[in-house]
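Commentary on secondary and tertiary structure
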Amino acid sequence: KQEVTQIPAALSVPEGENLVLNCSFTDSAIYNLQWFRQDPGKGLTSLLLIQSSQREQTSGRLNASLDKSSGRSTLYIAASQPGDSATYLCAVKDQGGSEKLVFGKGTKLTVNP
Amino acid sequence: NAGVTQTPKFQVLKTGQSMTLQCAQDMNHEYMSWYRQDPGMGLRLIHYSVGAGITDQGEVPNGYNVSRSTTEDFPLRLLSAAPSQTSVYFCASSPGQGSRGYTFGSGTRLTVV
């Protein structure tokens, strides 16, 4: 059974700092991995999608990497801003045709001005 | 282009009542899913559909019913509400084959008293 873990559960940093959020998964037979952002009381906003054949994806100040063999993904946020404060979730879609996304419990990020 | 639209945004039910959570998408996506989000549990898949007329159970299907008569709509029915179904419900859609990831709605916050 696929399990996804995100460490740390919470992170507080000063504005301007570069930071890394971690996501690990137990079964390396994944189809893709998706990073989401969730603001309090809101839905999930997709940030980056990495296919299993890819090593990384970039969007603006965000860079996500994938190491399938070790079961790890990282989300790198450059020059953090208070507006980046949110909960970040990673989700894995397994191979085999299942449409189920397996989610981690998220990392709550606070960027202090 | 509205994306994934969920209604209502908030709902309070009494134990034993039934109701339908509505989900509609205007992106012509084949795949649609329902998740619930609970504190400490993360997001869990309730039911999903890979196309009109095709539905299947996810991780926590008990107490819920779905149907998919059109590509656009995927309603979730609570048959007899229980306090354990107090949660935030998210609908999501994808073009399929995992190539572009999932788009999520803004959620329905349900309280069963």
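Our subject is the structure listed above.
**Details of the interface of chain A and chain B**
- Taken together, the contact pairs 20 residues of chain A with 22 residues of chain B.
- Approximately 1,600 Å² of surface area, both sides summed, lies buried where chain A meets chain B, with 56% of it carried by carbon and sulfur atoms.
- At the boundary of chain A with chain B, the tally comes to 1 salt bridge.
- When the shortest N-O distance is used, the salt bridge between E59 of chain B and K100 of chain A registers 3.7 Å.
- Connecting chain A to chain B are 4 residue pairs in polar contact (both at pLDDT 80 or more).
- For the side of chain A that touches chain B, the secondary structure elements donating two or more residues are β4 (30-38), β5 (44-51), β9 (86-94) and β10 (101-103) of chain A.
- Considering every element that reaches the side of chain A that touches chain B, the biggest residue donor is β4 of chain A, with 5 residues.
- Looking at the side of chain A that touches chain B, its residues break down into 7 nonpolar, 7 polar and 6 charged.

**Some remarks on the side chain of T107 of chain A**
Residue and element names in this part refer to chain A.
- Note on placement: T107 falls in strand β11 (residues 107-112).
- Here T107 falls in the buried class, since its relative accessible area comes to 0%.
- Excluding its chain neighbours within four sequence positions, the residues that come into contact with T107 are Q6, I7, P8, A9, L11, L21, A86, T87 and Y88.

**Re the environment of L101 of chain A**
Residue and element names in this part refer to chain A.
- Tracing the backbone shows L101 in strand β10.
- Judged by its relative accessible area of 2%, L101 is buried.
- Measuring from C-alpha to C-alpha, the distance between L101 and L33 comes to 8.9 Å, with 68 residues separating the pair along the chain.

**Structural notes on the pattern of salt bridges**
- Evaluation of the coordinates by the stated rule reveals 5 salt bridges over all chains.
- When salt bridges with common partners are traced through the structure, they connect R36, D38 and R44 of chain B into a single cluster.

**Here's the deal with the state of the cysteines**
Residues and elements named next belong to chain B.
- Within this structure, the stated rule accounts for 2 disulfides over all chains.
- Covalently, C23 is tied to C91 through a disulfide, its sulfur atoms 1.9 Å apart. Measuring handedness by torsion sign, the sulfur bridge of C23 and C91 sits at about -70 degrees and is left-handed. Of this pair, C23 sits in strand β3 (residues 19-25) while C91 sits in strand β9 (residues 87-94), and the two are 68 residues apart along the sequence. The burial state of C23 is the same as that of C91; both residues are buried.

What counts and what doesn't
- Each residue is numbered by its place in its chain's sequence as written, counting from 1.
- To read the labels, note that chains go from A and ligands from 1, taken in the order they are written.
- Per-residue local features of the predicted model are confined to residues with pLDDT of at least 70, and side-chain atom pairs are confined, for both listing and counting, to 80 or more; whole-chain, interface and lining totals are unaffected and use all residues.
- Computation of side-chain values covers all heavy atoms of the structure but excludes hydrogens and water.
- Any pair of residues with heavy atoms lying within 4.5 Å of one another is described as a contacting pair.
- The term buried area denotes the loss of accessible surface (1.4 Å probe radius) that occurs when two parts are joined, taken as the sum for both partners.
- Salt bridge, as used here: a side-chain nitrogen of Lys or Arg that lies within 4 Å of a carboxyl oxygen of Asp or Glu.
- Pairing of N or O atoms within 3.5 Å defines a polar contact, subject to two protein rules: one partner must be a possible hydrogen donor and the other a possible acceptor, and residues neighboring in sequence count only if both atoms are side-chain atoms.
- Helix numbering and strand numbering both begin at the N terminus, where a helix is a DSSP run of H or I of at least 4 residues and a strand a DSSP run of E of at least 2.
- Residues are grouped as follows: nonpolar covers Ala, Val, Leu, Ile, Met, Phe, Trp, Tyr, Cys and Pro; charged covers Asp, Glu, Lys and Arg; every other residue, Gly included, is treated as polar.
- With a 1.4 Å probe rolled over the protein chains alone, any residue whose accessible area is under 20% of its type maximum counts as buried; one over 50% counts as exposed, and the rest are partly exposed.
- Throughout, a disulfide means two cysteine sulfur atoms within 2.5 Å of one another.

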